[in-house]
Amino acid sequence: MTGPDAPLAVMKPCFGPQEAEAVAEVLASGWVAQGPRVSAFEAAFAERVGARHAVAVSSCTAGLHLALTASGIGPGDEVIVPSLSFIASANAVRHAGASVRFADVDPITQNLTVATVDAARTPATTAVMVVHQAGMPAELDALGRYCADAGLLLVEDAACALGSTYRGRSIGGHGNTAVFSLHPRKVITTGEGGMITTDDADLARRLERLRQHGMSIGAAERHAAAQPMIEQYLEVGFNFRLSDIAAAVGLVQLGRLDEIVSHRRALAARYGARLADVASVRAPQDPPGGTTNFQGYLVELMDGFPLSRDEVLRRMAERRISLRRGIMASHLEPAYAGHPGVALPVTERLTARCVILPLHHELSDADVDRVVGELAACSSERSGTLRATA
Ligand SMILES: *Cc1c(COP(=O)(O)O)cnc(C)c1O
């Protein structure tokens, strides 16, 4: 449905007939669990982001858990995580048995910085999980130097950042362990799924083993062997595998990544130009040294904006435009109630004031103008006087 009043979704997966054909081929082959397509997807993903190894997993959350565990982070370790993130970032730390130490974020990029990490660090801190929020690349150079000097592990929650760059390299290509999500809310999707990238061959081998029950040999090796092979279980592992059905979709989607990201960036540029005329709204921009994939087009309602975030969400929904609140603050959720940590004033302000505007491949320039027009109408309200809907 199109037209001036058609409902606008905040996000939509971008599938074509090729994905359906790829799935049909897998089904016809009879090999649907982790197998040759997962291997091919891993190789293509590693090459695309510029990492030596990629290990496919069932979700980004499982991947973060595995990355921490395989790096030796567990009970007794404390991991610095931004509270301003999808709750899975903090949960993965807990799944690994480590404790969470929340840190605040930069008011513009909404990412951890050396200053916010340093303010939260304690003698028990052994790792930092940096999140590239909504695709916005974090300052990896400064954080990498800080962590190296302090002897801390740096892991990237790159759930939203496939196709974003920092200092001319793709996120995932900076030598750290990085974990991506392939959930439908992200730029490319396999339904559910995740990918871990690393330059460390030993770590990659351990990740492969841990994702499949700690098994010494993979199904493909056993299948290819002339003689029966009896596997061993070297440590207590998990079932965090991706299926070949999902990987076949992922291979097609990965091939379209550049096109998807450049389209998102073009729409974002139009949003940016139009929003410049809307009072008290701050639009997102590429950070110094980086480019974002605009996986989430996150705008901040500044002081002086007459409506609250929730009033804006409601008003836009009445106009059939689906917005989402900005990034959640994990420390405000019951699951992390009473969690010790530093004050998080920037996190609390951003989570209360940000909204995500619709951005997906089916959105037209006219749709962008319609969204901005409605937001401008909200912005020119006098506080407390909601106009009757036209
Ligand atoms: C989506 C998301 C996750 C979780 O990804 P799943 O693949 O659904 O497990 C983790 N961290 C961040 C920052 C996310 O946006």
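This is a predicted model, so every value here is computed, not measured.

Student: Would you mind showing me how to read the side chain of Arg37 here?
Tutor: Take Arg37: it is sitting in helix H2 (residues 36-49). Here Arg37 sits buried without a salt bridge, and the closest side chain of opposite charge, Asp244, lies 4.2 Å off (N-O distance). Ignoring any residue separated from it by four or fewer positions in sequence, one finds Arg37 in contact with Glu25, Val26, Ser29, Asp244, Ala247, Ala248 and Leu251.

Student: Teacher, can you tell me more about the pairing of strand E5 (residues 153-157) here?
Tutor: Each regular strand shows side chains that alternate between the opposite faces of the sheet. In terms of burial, E5 is largely enclosed, as four of its five residues are buried. For strand E4 (residues 125-131) and E5, the ladder comprises five bridges, and the chain directions are parallel. Bridge pairing in E5 places Val131 opposite Asp157. This β-α-β element, E4 to helix H6 (residues 140-150) to E5, shows right-handed connectivity. As paired elements, E5 and strand E8 (residues 177-181) share three bridges and run parallel to each other. Counterpart to Glu156 in the pairing with E8 is Ala178.

Student: Hey, could you run me through the site of the ligand in this one?
Tutor: Around the ligand sit 14 residues in total, of which Cys60, Thr61, Asp157, Ser181 and Lys186 are the nearest. Contact distances for the ligand include 2.7 Å between an oxygen atom and a side-chain N or O atom of Ser181. The side chain of Lys186 places a nitrogen or oxygen atom 2.7 Å from an oxygen atom of the ligand. Broken down by secondary-structure element, the contributors of at least two residues to the shell around the ligand are helix H3 (60-70) and helix H4 (88-95). Class assignment of the residues belonging to the shell around the ligand gives a composition of six nonpolar, six polar and two charged.

Student: Help me understand the nonpolar core in this model?
Tutor: In a soluble, globular protein the nonpolar side chains are often hidden away together inside. Counting 52 residues, the largest nonpolar core has Phe41, Phe45, Leu112, Val128, Leu162 and Phe180 as the members making the most contacts within it. It is H2 that provides the largest number of residues to this core, a total of five residues. The residues that make up this core include at least three from each of domain 1 (17-256) and domain 2 (258-379). Look past the residues within four positions of Val128 in its chain and what remains in contact with it is Val79, Ile80, Leu112, Val117, Cys147, Leu152, Leu153, Leu154 and Val155. Core analysis: the next-biggest nonpolar cluster, separate from the first, contains 35 residues, Leu66, Leu68, Phe102 and Phe240 among them.

Student: Looking at this structure, I do not really get unusual backbone geometry. What am I missing?
Tutor: Trans is the prevailing form of peptide bonds, just as negative phi is the prevailing case for residues other than glycine. A positive phi is found at His213, a non-glycine position, where the angle reads about 65°. Here His213 is to be found in the loop between helix H7 (201-211) and helix H8 (219-224). Overall, His213 belongs to the partly exposed group, its relative accessible area being 33%. Phi at Ser280 is positive, roughly 65°, even though this residue is not glycine.

Student: Would you mind going over the sheet that holds strand E14 (residues 354-357) with me for this structure?
Tutor: Either a parallel or an antiparallel arrangement is found when strands of a sheet pair, and the pairing is made through backbone hydrogen bonds. Taken in spatial order, the four strands line up as E10-E12-E14-E13 in an open sheet, and their pairing is antiparallel. Either end of the sheet is taken by a strand with one partner, and the two such strands are strand E10 (281-282) and strand E13 (324-325). With two bridges joining them, E10 and strand E12 (residues 297-301) adopt antiparallel strand pairing. By the bridge assignment for E12, Arg282 is matched with Glu300.

Student: I tried to follow the domain arrangement of the protein chain on my own but got confused; where do I start?
Tutor: Interface size, as often reported, equals the accessible area lost upon joining of the parts. Structurally, the protein chain comprises domain 1 (17-256) and domain 2 (258-379). The distance between the C-alpha centroids of domain 1 and domain 2 comes to 26 Å. Of the residues lining the interface, 40 residues belong to domain 1; the matching set on domain 2 comes to 43 residues. Interface area for domain 1 against domain 2, summed over the two sides, is near 3,300 Å², with a carbon-plus-sulfur share of 55%. The largest contributions to the domain 1 side of the interface with domain 2 come from Phe102, Asp104 and Arg256, which together make up 19% of the buried area.

Student: Would you explain helix H1 (residues 17-29) in this entry?
Tutor: Its 13 residues give H1 an end-to-end C-alpha distance of 19 Å, which sits within 8% of 18 Å, the value for a rise of 1.5 Å per residue. When we look at burial in H1, the residues that qualify are Glu19, Ala22 and Val26. The buried side chains of H1 occupy one side of the element, clustering within an arc of 60° when seen end-on. Residues of H1 that are exposed and point over 90 degrees away from its buried face: Pro17, Ala20, Glu21, Glu25, Leu27 and Ala28. Buried residues in H1 make contact with H2 and helix H9 (244-255). Two residues or fewer after H1 comes Gly30, characterised by a positive phi angle close to 85°.

Student: Looking at this structure, how should I read the sheet that holds strand E3 (residues 99-103)?
Tutor: As summarised here, the arrangement of the seven strands in space is E1-E9-E8-E5-E4-E2-E3, forming an open sheet in which the pairing is mixed. Edge positions in the sheet fall to strand E1 (53-57) and E3, since each of these pairs with one other strand and no more. When the angles between neighbouring strand axes are averaged without regard to direction, this sheet yields 25°. Packing against the sheet, H2 makes contact with E1, E8 and strand E9 (194-198), and its axis sits at approximately 130° to E1. Contacts between H4 and the sheet are confined to strand E2 (78-82), E3, E4 and E5, with E3 contributing the most and set at about 150° to the helix.

How each quantity is defined
Residues numbered from 1 in each chain as written. Predicted model: local features only at pLDDT ≥ 70, side-chain atom pairs only at ≥ 80, totals over all residues. Heavy atoms only, no water. Helix = DSSP H or I, 4+ residues; strand = E, 2+ residues; numbered from the N terminus. Buried < 20%, exposed > 50% of the residue type's maximum accessible area, 1.4 Å probe, protein only. Lys, Arg positive; Asp, Glu negative; His and termini not counted. Salt bridge = Lys/Arg side-chain N within 4 Å of Asp/Glu carboxyl O. Contact = heavy atoms within 4.5 Å. Pairing = 2+ DSSP bridges. Right-handed = clockwise from strand over helix to strand, strands pointing away. Near = heavy atom within 4 Å. Polar contact = N/O pair within 3.5 Å; in protein donor to acceptor, adjacent residues only side chain to side chain. Nonpolar A, V, L, I, M, F, W, Y, C, P; charged D, E, K, R; others polar. Core = buried A, V, L, I, M, F, W, Y, C linked by side-chain atoms within 4.5 Å. Domains from an automatic or database assignment. Buried area = accessible area lost by both parts, 1.4 Å probe. Expected span 1.5 Å × (residues − 1). Arc of directions from axis to C-beta. Axes fitted to C-alpha atoms, helices over the stretch in contact; angles between N-to-C directions.

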